[in-house]
Amino acid sequence: MNQQTMTLYTDADFFSPYVMSVFVALTEKALPFTLSAIDLSAGENLGDVFGKLSATRRVPTLIIDDFQLSESSAISEYLDEQFPSPKYARIYPQNKQERAKAREIQAWLRSDFMPIRSERPTEVAFAGMNMPPLSPAGQGAAHKLISGLERLLSDGRKNLFNEWCIADTDLALMLNRLALNGDALPTYLRNYASYQWQRPSVRQWCELSQS
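Computed from a prediction, not measured in an experiment: that's the story for all the values here. (Residues numbered from 1 in each chain as written. Predicted model: local features only at pLDDT ≥ 70, side-chain atom pairs only at ≥ 80, totals over all residues. Heavy atoms only, no water.)

1. Digging into the pairing of strand β4 (residues 67–70)
Here strand β3 (residues 61–64) pairs with β4 via four bridges, running antiparallel. From the neighbouring strand, Ile64 faces β4, where its bridge partner is Phe67. Where β3 folds back onto β4 in an antiparallel hairpin, the turn is made up of two residues, including Asp65, whose phi is positive at roughly 55°. (Pairing = 2+ DSSP bridges. Helix = DSSP H or I, 4+ residues; strand = E, 2+ residues; numbered from the N terminus.)

Structure, rendered in structure tokens:
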């Protein structure tokens, strides 16, 4: 396969959990890419220039030569299909059922837990921000998250499945919104999130957000 030119459009602060997910996927696959920052607070993503690159006008948007794709889970799934193993690292499980479960977890994290995402922004995980106690809605969302993960992780495993997958990174970030703010979490979830946070690709993203 010929070398392709890739550009990943990111938020200027490097706080987007969705850009992080794609950044980690690209890094794990050892695919060379450049970063291009968009100032969301200034509405740069709503302008005509970015609008020609992304129909959704959102980050992440990945440009591969003349192919343009937005939405993090769509990008990660495309990367795993377009750049398959063994030449490239796998970012989704090989087993079909586990792969489906990984996508289920990603969809769950993206469509639910709005109180956590609102009351525990990613600045908690990436910039050391400390937030006040969770509201009743936030506590309810945290309880829902914890109870939903008990069957998956209460045995103390380090990854959701036999090997790391991109859903581990997404889940660790959601958990670290709570853990790094000092909110109560079962020890096994705190340990899982801490372990995932040490992955080199994740540390590379954290260095960007802290620079």
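2. As for the sheet that holds β4
If you trace the four strands from one edge of the open sheet to the other, you get β2-β1-β3-β4, paired in mixed fashion. Edge strands, defined here as strands with exactly one partner in the open sheet, are β2 (34–38) and β4. Taking each pair of neighbouring strands and ignoring which way they run, the sheet shows an average axis angle of 20°. Packed onto the sheet, helix α3 (residues 72–82) meets β3 and β4 and runs at close to 130° relative to β4. (Axes fitted to C-alpha atoms, helices over the stretch in contact; angles between N-to-C directions. Contact = heavy atoms within 4.5 Å.)

3. So, the nonpolar core
If you look at soluble globular proteins, the nonpolar side chains tend to sit buried side by side. Leu79, Phe126, Leu145, Leu160, Leu171, Leu175 and Trp197 are the most contacted members of the largest nonpolar core, which totals 62 residues. The dominant element in this core, judged by the number of residues it contributes, is helix α8 (residues 166–179), at nine residues. When sequence neighbours within four positions are dropped, the list of residues in contact with Leu171 reads Leu109, Leu145, Leu149, Leu153, Leu160 and Tyr192. (Core = buried A, V, L, I, M, F, W, Y, C linked by side-chain atoms within 4.5 Å. Buried < 20%, exposed > 50% of the residue type's maximum accessible area, 1.4 Å probe, protein only.)

4. Some remarks on the UniProt feature "domain: GST N-terminal" (unreviewed entry) in the protein chain
Sequence positions flagged by UniProt for "domain: GST N-terminal" (unreviewed entry) are, in local numbering, residues 6–87. The span residues 6–87 shows a helical share of 33% and a strand share of 23%, and its end C-alpha atoms are spaced 18 Å apart. (UniProt positions renumbered as here; feature names shortened; annotations may be inferred.)

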